[in-house]
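What follows is each chain in one-letter form.
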Amino acid sequence: MLEMYKNTLLNNYANFKGRARRKEYWMFGPLSILIYFGLIVLGFIPIIGTVFLILAGIFILGIMVPLFAVAVRRMHDVGKSGWYMFIPLYSLILACTEGEKGPNQYGGDPKNPTEELEEIGKE
């Protein structure tokens, strides 16, 4: 779980191209929200709470780009434009839906990256 979080954060920080599996999307988003709310809760500690509230603000600003990027890639996995993430209920349904099998217009299948190699030379 942490490895996938780190990979999304460091390697795909602002990558809006390609596709993201449900697992990548659901491991990154909720864990980021938990960290944010954890910092907010620690912000209510007397004397040092202000430091945690400042850290929460910095964290949420730093995490917004990768959150949008993974959401766009998740929409791509189901064959939709990234703009669909702004339609509240429908984007939730799409985020829970299994991605298209095989490559689509946004890239190769993240569940089976070797599938494209098997298709080379077949025509």
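Refer to the structure above for everything that follows.
Every residue gets a number counted from 1 within its own chain, in the order that chain's sequence is written. For a predicted model such as this one, the threshold for reporting local features is a pLDDT of at least 70, and the threshold for listing and counting side-chain atom pairs is 80 or more; totals across whole chains, interfaces and linings nevertheless cover every residue. To get the side-chain values, all heavy atoms of the structure are used, and hydrogens and water are removed first.

1. A look at the packing of helix α2 (residues 22–42) against helix α4 (residues 88–96)
- Axis definition: a line fitted to C-alpha atoms, limited for helices to the stretch in contact. Angles are taken between N-to-C directions and run from 0 to 180 degrees. By definition, any uninterrupted DSSP run of H or I lasting at least four residues is a helix, any uninterrupted run of E lasting at least two residues is a strand, and each is numbered from the N terminus. Contact pair α2 / α4: the axes reach a minimum separation of 9 Å and the direction vectors enclose 120 degrees. It follows that α2 is oblique to α4 by the angle criterion. Facing α2, whose interface residues are Arg-22, Tyr-25 and Trp-26, α4 presents Leu-92, Ala-95 and Cys-96.
- When residues are grouped by polarity, Ala, Val, Leu, Ile, Met, Phe, Trp, Tyr, Cys and Pro land in nonpolar, Asp, Glu, Lys and Arg in charged, and all others, Gly among them, in polar. Considered class by class, the residues forming the contact of α2 with α4 number five nonpolar, no polar and one charged. Each angle is binned into one of four classes, with values under 35 degrees roughly parallel, values over 145 roughly antiparallel, values of 65 to 115 roughly perpendicular, and all other values oblique. Contact between two residues is taken to exist if any of their heavy atoms lie within 4.5 Å; hydrogens are not considered.

2. A word on the pattern of salt bridges
- When a carboxyl oxygen of Asp or Glu lies within 4 Å of a side-chain nitrogen of Lys or Arg, that pair is called a salt bridge. Counting across every chain of the model gives six salt bridges.
- We note a salt bridge from Arg-74 to Asp-77, for which the minimum N-O separation is 2.6 Å. With a gap of three residues between them, Arg-74 and Asp-77 both fall in helix α3 (residues 49–77), about one helical turn apart.
- Exposure categories follow from relative accessible area, calculated using a 1.4 Å probe and restricted to protein chains: below 20% of the type maximum is buried, above 50% is exposed, and the middle band is partly exposed. The class of Arg-74 is buried, set by a relative accessible area of 0%.
- Glu-98 is the partner of Lys-101 in a salt bridge, and the nearest nitrogen-oxygen pair spans 2.8 Å.
- Accessibility expressed as a relative area gives 37% for Glu-98, which makes it partly exposed.
- It is possible to trace a salt-bridge network through shared partners that takes in Arg-19, Arg-74 and Asp-77.

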